Amino acid sequence: MRFAIGDTDFLLDGEPHRILSGAIHYFRVHPDLWADRIRKAKLMGLNTIETYVAWNAHAPSPSSFSFEDGLDLGRFLDLVAAEGMHAIVRPGPYICAEWTNGGLPYWLFADGTVGVRRDEPGFLAAVQGYLEHLAPVLVPRQIDHGGPIVLVQVENEYGAYGSDPVYLRKLEAMHRAIGLTVPFTSVDQPMGTMLEDGSLPSLHKTGSFGSRSVERLARLRQAQPTGPLMCSEFWDGWFDSWGEHHHTTPAAASASDLDDLLAAGGSVNIYMFHGGTNFGFTNGANDKGVYRPIATSYDYDAPLDEAGRPTEKFHAFRSVIERYAPVPPLPAAMQPGGSGRLASVGPVGPVGPVGPVGSAPGQEARLAPASDVAVRLDRVTPLRALLPSLTSWSAHDTPPTFDALGAASGFVLYRTEVDLPSGGVLTVGEEVRDRAVVSVDGIVVGVLEREHHDRAIALPPVAGTLELLVEDQGRVDYGPRIGEPKGLIGGIAVDGVPLARWTASPLALDPMPEAALTILADALPTDGDVLAGPVFATGSFDLAEAGDRYLALDGFRKGVAWVNGFCLGRYWSRGPQRTLAVPGPVLRAGRNDVVVLELHAAASRSVCLRVEPDLGHTEG
């Protein structure tokens, strides 16, 4: 088969073709759930799946590159093909996506000499290596090789960052050199000169917007007089940041904008069809004068919610799509009021772009309603007691950055000995990136937060150990601060006198070492309710049947949670989200274990595995 760009339409084997796509990021969804999410996209009437490729997820270090487990991009694309759907792949190298560092590996910028998103030899050489790793996965899965890929995007909203056609031409040439032959696209907001600055004549321009579709398409047509119109990021919701409200958009308004777009003859990629979750420490952050870390949930108020269930928006969008294209029959489980759980999402044979999928109506599995499960965290282990199994100390004259220590994310513990008989004021020279819990002799004395531009804290009289537990709350994913190092930037002084002779260590938390898990499991149960952090608390619970749940941590303040060794991500009492998604495949029938690292204090040792999420839902 052949896919091409015509004067007015996309062409599939020479015939006009409208792309009806939805975004699913394989790296934000448990791999055992990929097939389910893809099938549900088809049930909404879509014929294409779009995904970014997160370079830093695949390449945690300069010498490693992985396509294993949840990073098996080839398997994800094969599941798309198995549903008779096409694929759009956006390898970046920069993706934004509210993902840590916009998908760029932290190690790329560790020595401060490599450029960011520009025509610079070090950066382009690294991109070349990245694309060569992707080639064996992407090239044979192009449509003209019998695979699902019909479009590949070069860079991502570059017009909002810079205007360097030489850089873009070199990127385009690199993509072609690895064997990609399908049409290439760019995407930018139809505002100002972004469409012109972020593209080339050889790249098909597409727009990113979520409202005023007719006006946005007119601006796109002005920038590109011929070729099919496409919104390749139709924003149907928005992401959440800690401390803000949960963003939603009315289903009717979004559906109306989608109708306008399709009525104008446009193609679309719905961003997001299913948002998923920023598991572990993968969330990004924004800094436009004030640092704002992205929340763990990436629900995005999408047609398919974080647990893969159809929302009001799913049905509203499906009703719009069926005015312009055939849609498959909807199984009873996917009807309004249904469970949203299909009986089977195993491999299927080749089907047409609107062929039958899923179970026939009336054939869904009959599932007993699940109920909430309370869990008491009856085993408690202070962080200090677990350090030997989590750390590997190194000595330094001044506090090193996370990057110098080889820490992509998470936490680094900094420690030095001090003799301050009268106390003093501790000052970080330049900036705390991003949050530091300050302790003297094991007693917490305060917190420094980048978000509040904190750089100083009063210390009590002490002759002993000073510790700063620093958390990278998410690397900036958008704008000029992409690629910046993490840690205590600019050194540390007390009353103006620099502190030297530091030891530092990243904490190994994702995954957590087996030795640490064994210590937690062997801890003896204790009485009491209040927890004083930093502390690990562990408990067990039984389930009759595995299925998607949400971990509620009412009474806890801030930290990280794991279930059966899987890092769910960060929680924070400031909200908006009050629960963490627990994918069904992480759970098992029988005994399950939950571990919580509470950084501050908790008024209760009880958590709950809930059936329903709490995202702090308000319209905004």
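Residues numbered from 1 in each chain as written. Predicted model: local features only at pLDDT ≥ 70, side-chain atom pairs only at ≥ 80, totals over all residues. Heavy atoms only, no water.

Further remarks concern the overall build of the protein chain. Helix and strand content of the protein chain: 11 helices and 36 strands. Rg of the C-alpha trace for the protein chain: 25 Å, near the compact-globule value of 25 Å for 620 residues, within the 12% margin. Projected onto its principal axes, the C-alpha coordinates of the protein chain cover approximately 80 × 60 × 40 Å. Sorting the 620 residues of the protein chain into buried and exposed places 60% on the buried side. A fraction of 78% describes how many contacts in the protein chain between residues 6 or more apart in sequence connect residues 24 or more apart. With the model as given, the accessible surface of the protein chain reaches about 22400 Å², and the carbon-plus-sulfur share is 54%. In the protein chain, which carries 50 positive and 74 negative side-chain charges, the distance between the mean positions of the two groups comes to 1 Å. (Helix = DSSP H or I, 4+ residues; strand = E, 2+ residues; numbered from the N terminus. Rg over C-alpha atoms; globule rule 2.2 N^0.38 Å. Buried < 20%, exposed > 50% of the residue type's maximum accessible area, 1.4 Å probe, protein only. Contact = heavy atoms within 4.5 Å. Areas by Shrake-Rupley, 256 points an atom, 1.4 Å probe, with all protein chains shown as cover. Lys, Arg positive; Asp, Glu negative; His and termini not counted. Charge placed at Lys NZ, Arg CZ, Asp CG, Glu CD.)

Here the focus is the pairing of strand β14 (residues 373-376). In β14, alternate side chains face the same way, and those of V373 and V375 are buried while those of A374 and R376 on the opposite face are not. Bridge count for β14 against strand β36 (residues 606-610) is four bridges, and the pairing is antiparallel. Each residue of the ladder has a partner; that of V375, found in β36, is V607. (Pairing = 2+ DSSP bridges.)

Okay, the sheet that holds strand β3 (residues 15-17) next. The strand order β1-β2-β3 describes an open sheet built from three strands, whose pairing is antiparallel. Only two strands of the sheet have a single neighbouring strand rather than two, namely β1 (3-5) and β3. Direction aside, neighbouring strands of the sheet carry axes that sit 40 degrees apart on average. Where β1 meets strand β2 (residues 10-12), three bridges bridge the pair, whose relative direction is antiparallel. (Axes fitted to C-alpha atoms, helices over the stretch in contact; angles between N-to-C directions.)

Let us look at the environment of E449. Mapped onto the elements, E449 comes out in strand β21 (residues 443-449). The spatial distance from the C-alpha of E449 to the C-alpha of L138 is 42 Å, given a sequence separation of 311 residues. Among all residues touching E449, those that are not within four sequence positions of it are D434, R435, D454 and W572. Only 3.3 Å separates the side chain of E449 from the side chain of R435, close enough to count as a polar contact. (Polar contact = N/O pair within 3.5 Å; in protein donor to acceptor, adjacent residues only side chain to side chain.)

So, on to the pattern of salt bridges. Tallied over the full model, the rule gives 41 salt bridges. Close ionic contact of R141 with D78 constitutes a salt bridge, the shortest N to O distance being 2.8 Å. With a gap of 63 residues between them, R141 in the loop between α4 (121-138) and β7 (149-153) and D78 in helix α3 (residues 73-82) connect regions that are remote in the sequence. A salt bridge links E215 to R216; the shortest N-O distance between them is 4.0 Å. Using a relative accessible area of 42% as the deciding quantity, one classes E215 as partly exposed. Residue R216 is classed as buried on the basis of its relative accessible area, which comes to 14%. Counted as one network, the salt bridges with shared partners bring together D287, D403, E430, E431, R433, D434, R450, D472, R475, R481, E484 and K486. (Salt bridge = Lys/Arg side-chain N within 4 Å of Asp/Glu carboxyl O.)

The subject of this paragraph is the packing of helix α10 (residues 383-390) against helix α11 (residues 514-522). The N-to-C vectors of α10 and α11 enclose an angle of 150 degrees; their axes lie 8 Å apart at closest approach. By the angle class used here, α10 and α11 are roughly antiparallel. Every pair of crossing elements has a handedness; the one defined by α10 and α11 is right-handed. The segment α10 lies against α11, with L386, S389 and L390 engaging A515, A516, I519 and L520. Tallied by class, residues from the contact of α10 with α11 come to six nonpolar, one polar and no charged. (Parallel < 35°, antiparallel > 145°, perpendicular 65-115°, else oblique. Left-handed = near helix turned anticlockwise from the far one by under 90°. Nonpolar A, V, L, I, M, F, W, Y, C, P; charged D, E, K, R; others polar.)

So, on to the sheet that holds β21. Across the sheet, six strands lie side by side as β16-β27-β17-β23-β20-β21; this open sheet has antiparallel pairing. Because the sheet does not close on itself, it has two edges, and the strands there are β16 (394-396) and β21. Between one strand axis and the next, the sheet turns through 25 degrees on average, direction left out of account. Relative to strand β23 (residues 462-472), strand β20 (residues 435-440) is paired through six bridges, and the arrangement is antiparallel.

Before going further, it helps to examine the confidence of the model for the protein chain. The predicted model of the protein chain has a mean per-residue pLDDT of 94, with 95% of residues at 70 or higher. Here residues 347-367 is a poorly scored stretch, pLDDT under 50, and it has 38 contacts once near neighbours within four places are set aside; other chains count. (pLDDT = per-residue confidence, 0-100.)

Once that is clear, we can look at the environment of G276. Looking at where G276 falls in the secondary structure, it is placed in the loop between β11 (267-274) and β12 (285-287). Considered as a pair, G276 and K288 are 12 residues apart in the sequence and their alpha carbons are 25 Å apart. When neighbours within four sequence positions are excluded, G276 is seen to be in contact with R28, S297, Y298, D299 and E306.

So, on to the nonpolar core. L46, W55, F76, F123, L138, L258 and Y271 are the most contacted members of the largest nonpolar core, which totals 109 residues. Per-element accounting of this core gives the leading share, 10 residues, to α4. The residues touching F123, leaving out its near neighbours within four places in the chain, are P93, L104, L108, F109, V114, G115, R117, R118 and Y167. By size, the runner-up hydrophobic cluster in this structure holds 26 residues, among which are V412, Y414, L426 and W502. (Core = buried A, V, L, I, M, F, W, Y, C linked by side-chain atoms within 4.5 Å.)

Take R28: it is sitting in the loop between β4 (20-24) and α1 (34-43). Put simply, R28 is tucked away with no salt bridge, and the nearest opposite charge, on E98, sits 5.5 Å away. Reaching out from R28, the side chain makes a polar contact with the side chain of N278 at a distance of 2.8 Å. R28 has contacts with A97, E98, W99, G275, G276, T277, N278, F279 and Y298, leaving out every residue within four places of it along the chain.

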